[in-house]
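# Notes for the structure review
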Amino acid sequence: TLRRALGWRARKAPPRLFAMLGRDLAGVFLLSVALTGIVSLSTIFVPIYDMILFDRVMTTGGMETLVVLSIVCVIGVAIGAFVDWVRASAFLVMGERFARRLSVPALAAALKASLAGESSSAAQAMRDLGELRSFAIGNAPSVPLDLLWTPLLIALLFAMHPLYGVYAMLCAVALLVLGIANDAATRAPLMHANDVAAFASNEVSAAFRHHEAIEGL
């Protein structure tokens with residue numbers, strides 16, 4: 001609906017609009033990729049800590065080594081948590097820039113569609129823009145970014161022990177299969193539910209616009 005509502009404006013100057021949007025989001029996106037790499041690397045602190053603990057500390061009984069390892073592990077996990085918070089803030093900035101850049105064209109297109117008698121499409125276009133903003137500031141954008149760093153993490157696990165790498169690859173394949181199966185099973189019902197919700201919202205909006213006629217009946 002948003003794309004349809006923006007169609008009249010997109011036909012005029014889509015390259016300029018999307019080029020400006022790309023420039024606004026490029027820096028934040030690259031920063032998010034780098035931050036995701038740090039977050040992904042921070043997840044191996046605890047497994048390495050456990051390996052060294054049971055392989056070295058438990059056999060030698062070195063308390064100094066245990067204290068140093070514990071401090072390093074806590075610092076690494078804290079850094080990962082802090083970087084994850086910074087990444088969430090970067091997603092928030094990206095979503096705000098995305099919504100700010102498209103809000104004026106979407107509003108103009110919605111007003112034009114409303115004047116043309118397509119008030120329901122105009123209202124739905126603004127709701128779609130809000131949903132896109134909510135998607136951008138949520139956790140969903142982190143999934144493809146995590147996927148970019150997955151080969152590096154698997155390589156590190158192979159370097160630690162071949163069985164760790166094999167186990168990680170099996171888990172990755174299992175998650176991929178489950179994700180594809182979940183998408184195939186839920187895509188059609190979710191699209192139908194979204195269409196029904198949009199229709200119901202448009203009907204409610206139309207009822208509010210014609211409340212005087214409804215009261216007269």
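Residues numbered from 1 in each chain as written. Predicted model: local features only at pLDDT ≥ 70, side-chain atom pairs only at ≥ 80, totals over all residues. Heavy atoms only, no water.

### Regarding the overall build of the chain
The number of helices and strands found in the chain is nine helices and zero strands. Each helix and strand of the chain, ordered N terminal to C terminal, gives the series α-α-α-α-α-α-α-α-α. Look at the contacts in the chain between residues 6 or more apart in sequence, and 79% of them connect residues 24 or more apart. Counting every atom, the chain has about 14,400 Å² of accessible surface; 72% of that belongs to carbon and sulfur. (Helix = DSSP H or I, 4+ residues; strand = E, 2+ residues; numbered from the N terminus. Contact = heavy atoms within 4.5 Å. Areas by Shrake-Rupley, 256 points an atom, 1.4 Å probe, with all protein chains shown as cover.)

### Things to note about the environment of Asp146
Secondary-structure assignment places Asp146 in helix α7 (residues 142-160). Note on Asp146: relative accessible area 30%, which makes it partly exposed. Spatially, the C-alpha atom of Asp146 lies 7.6 Å from that of Gly37, the residues being 109 residues apart in sequence. In this view, Asp146 contacts Thr36, Ser40 and Arg87; residues no more than four positions away in its chain are not counted. (Buried < 20%, exposed > 50% of the residue type's maximum accessible area, 1.4 Å probe, protein only.)

### A closer look at the environment of Asn139
By the element assignment, Asn139 lies in the loop between α6 (119-136) and α7. When its relative accessible area of 67% is taken as the criterion, Asn139 is described as exposed. Along the chain, Asn139 and Ala88 lie 51 residues apart, while their C-alpha atoms are 7.8 Å from each other.

### Observations concerning the nonpolar core
With twelve residues, the main nonpolar core is built from Leu21, Leu25, Val28, Val33, Ala90, Phe91, Met94, Phe98, Leu102, Ala106, Leu129 and Leu145. Within the residue set of this core, elements represented by two or more residues are α3 (14-42) and α5 (63-115). Once residues within four sequence positions are removed from consideration, Val28 is found in contact with Ala90, Val93, Met94 and Arg97. The next biggest cluster of nonpolar side chains, apart from the first, holds five residues, and it includes Tyr49, Val57, Leu69 and Cys73. (Core = buried A, V, L, I, M, F, W, Y, C linked by side-chain atoms within 4.5 Å.)

### Remarks on the pattern of salt bridges
Within this structure, the stated rule accounts for three salt bridges. The closest approach of N and O atoms between Asp84 and Arg87, which form a salt bridge, is 2.9 Å. Here the residue Asp84 and the residue Arg87 both occupy positions in helix α5, the gap between them amounting to three residues, near one helical turn. We classify Asp84 as partly exposed; its relative accessible area is 34%. For Arg87, a relative accessible area of 8% gives the class buried. (Salt bridge = Lys/Arg side-chain N within 4 Å of Asp/Glu carboxyl O.)

### Concerning the side chain of Thr36
Here Thr36 shows up in helix α3. Residue classification places Thr36 among the buried positions, given a relative accessible area of 0%.

### Quick look at the environment of Asp50
Structurally, Asp50 can be placed in helix α4 (residues 45-60). For the pair Asp50 and Cys73, spaced 23 residues apart in sequence, the C-alpha to C-alpha distance is 9.8 Å.

### A few points about α4
Residues that lie three or four places apart on an α-helix share one face, since the helix turns once every 3.6 residues. In this model α4 runs 21 Å from its N-terminal to its C-terminal C-alpha over 16 residues, within 8% of the 22 Å that 1.5 Å per residue would give. By the largest-angle criterion, Leu53 marks the main kink of α4, which is about 40°. Phi turns positive, to about 70°, at Gly61, one or two residues after α4. (Expected span 1.5 Å × (residues − 1). Bend = angle between axes of the 7 residues up to and from the residue.)

### Concerning α7
Its 19 residues place the ends of α7 26 Å apart at the C-alpha level, agreeing with the 27 Å of an ideal helix rising 1.5 Å per residue. Within α7, the axis deviates most sharply at Trp149, by approximately 40°, and proline Pro151 lies no more than four positions further along.

### With respect to a nonpolar patch on the surface
Residues Ile38, Val67, Ile71, Ile75 and Ile79 make up a contiguous nonpolar surface patch of roughly 430 Å² in combined accessible area. Sort the elements by how many residues they give to the nonpolar patch and α5 lands first, with four residues. The residue Ile75 is located in helix α5 in this model. (Patch = residues over 30% accessible without salt bridge, like charges linked within 9 Å, V, L, I, M, F, W, Y side chains within 5 Å.)

### Some points on the confidence of the model for the chain
Across the chain, the average pLDDT comes to 76, with 75% of residues at 70 or higher. The lowest-confidence element of the chain is helix α2 (residues 7-10), averaging 46 in pLDDT; the highest-confidence one is α7, averaging 84. Note that residues 8-13 has pLDDT below 50 and, in this model, four contacts with residues that lie over four places away or in other chains. (pLDDT = per-residue confidence, 0-100.)

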